[in-house]
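# Notes for the structure review
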Amino acid sequence: MTKELIGVPGGPNRGRLVVTLHVFDVTTKQARIIGGHDSMIDGTVRLEDAKTGQLIAEAQNIHGEDLSMRGSGYGVIIAVAVNAATTSGAPDVMAQRLSKSFTRNVKTWLTQK
């Protein structure tokens, strides 16, 4: 998050972003491939004045998710193949995608008008 959110939204005062995670659920590769399990993250985000600690804004529920594919009938075979392909690579690929989803939603919240 530090790399993606530095300087967002900008302004005359330095801010501090305080993130409290309430749910951080990253499924296992096996559960994602065979069961189609999703990963999710839920948290509270506070934007504070870095100097005084005064609250500027707060979001009670920011959500991030990394959804798997599900299917029925012959679609199950396709879903398993897609889930297997999207979980290949680095062992923490699912956690990285989940983190990116959460960070994107925090950035959206920070930059809303």
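One can find the structure itself at the top, above this paragraph.
A short tour of the structure in this document, coming up. (Residues numbered from 1 in each chain as written. Predicted model: local features only at pLDDT ≥ 70, side-chain atom pairs only at ≥ 80, totals over all residues. Heavy atoms only, no water.)

## A word on the overall build of the protein
Heads up, the condition is: Secondary structure elements follow DSSP: runs of H or I of four or more residues count as helices, runs of E of two or more count as strands, with numbering from the N terminus. Note that the radius of gyration is over C-alpha atoms, with the globule rule given as 2.2 Å times the number of residues to the power 0.38. Residue burial is assigned from relative accessible area. The probe radius is 1.4 Å, only protein chains are included, and a residue is buried under 20% of its type maximum, exposed over 50%, and partly exposed in between. We call two residues in contact when some of their heavy atoms are within 4.5 Å. Counted charges follow a simple rule, with Lys and Arg positive, Asp and Glu negative, and His plus the chain ends left uncounted. A single reference atom marks each charge: NZ on Lys, CZ on Arg, CG on Asp, CD on Glu.
Counting its secondary structure elements, the protein contains 4 helices and 3 strands. Secondary structure elements of the protein, listed N to C terminal, follow the sequence α-β-α-β-β-α-α. Here the protein has a C-alpha radius of gyration of 17 Å; the compact-globule value for 113 residues is 13 Å, and the former is much larger. Burial analysis of the protein (113 residues in total) assigns 27% to the buried set. Contacts in the protein between residues far apart in sequence, at least 24 positions, make up 63% of those at least 6 positions apart. Between the averaged position of the 13 positive side-chain charges in the protein and that of its 10 negative side-chain charges there is a distance of 7 Å.

## Side note on the pattern of salt bridges
What counts is decided by this rule: The working definition used for a salt bridge is a side-chain nitrogen of Lys or Arg within 4 Å of a carboxyl oxygen of Asp or Glu.
Overall, the coordinates contain 4 salt bridges when judged by the stated rule. The residue Glu48 makes a salt bridge to Arg16 at a minimum N-O spacing of 3.2 Å. Taken as a pair, Glu48 in strand β2 (residues 39-49) and Arg16 in strand β1 (residues 15-25) lie far apart in primary sequence, 32 residues in all. Relative accessible area serves as the criterion here: at 35%, Arg16 is assigned to the partly exposed category.

## Remarks on the side chain of Ser39
Structurally, Ser39 is set in strand β2. The class of Ser39 is buried, set by a relative accessible area of 1%. Ignoring any residue separated from it by four or fewer positions in sequence, one finds Ser39 in contact with Asp25, Val26, Thr27, Gly64, Glu65, Asp66 and Leu98.

## A few points about the sheet that holds β1
For the record, the criterion: Strands were regarded as paired on the criterion that DSSP finds at least two bridges between them. Note on method: axes are straight lines fitted to C-alpha atoms, helices fitted across the in-contact stretch only, with angles between N-to-C directions ranging 0 to 180 degrees.
The strand order across the open sheet built from 3 strands is β1-β2-β3, with neighbouring strands paired in antiparallel fashion. Strands with a single pairing partner mark the edges of an open sheet, and in this sheet they are β1 and β3 (55-66). Within the sheet, the average angular offset between the axes of one strand and its neighbour, ignoring direction, is 15 degrees. Lying on the sheet, helix α4 (residues 93-110) is in contact with β1, β2 and β3; it crosses β3 at an angle near 145 degrees.

## Things to note about α4
So the rule is basically this: Residue count minus one, scaled by 1.5 Å, sets the expected span of a helix.
The terminal C-alpha atoms of α4 lie 26 Å apart, and with 18 residues this matches the ideal 26 Å at 1.5 Å per residue to within 8%. Those residues of α4 that sit buried are Val93, Met94, Leu98, Ser101, Phe102, Thr103, Val106, Trp109 and Leu110.

## Observations regarding a nonpolar patch on the surface
So the rule is basically this: Excluding any residue in a salt bridge, patches collect residues exceeding 30% relative accessible area, merging like charges within 9 Å and nonpolar Val, Leu, Ile, Met, Phe, Trp and Tyr side chains within 5 Å. Methods summary: accessible areas were calculated by the Shrake-Rupley approach with a probe of 1.4 Å, and residue burial reflects only the protein chains presented.
A contiguous nonpolar surface patch, about 400 Å² in accessible area, is contributed by Met1, Leu17, Val19, Leu21 and Phe24. Examined against the element boundaries, Leu21 turns out to sit in strand β1. With relative accessibility at 44%, the residue Leu21 sits in the partly exposed group.

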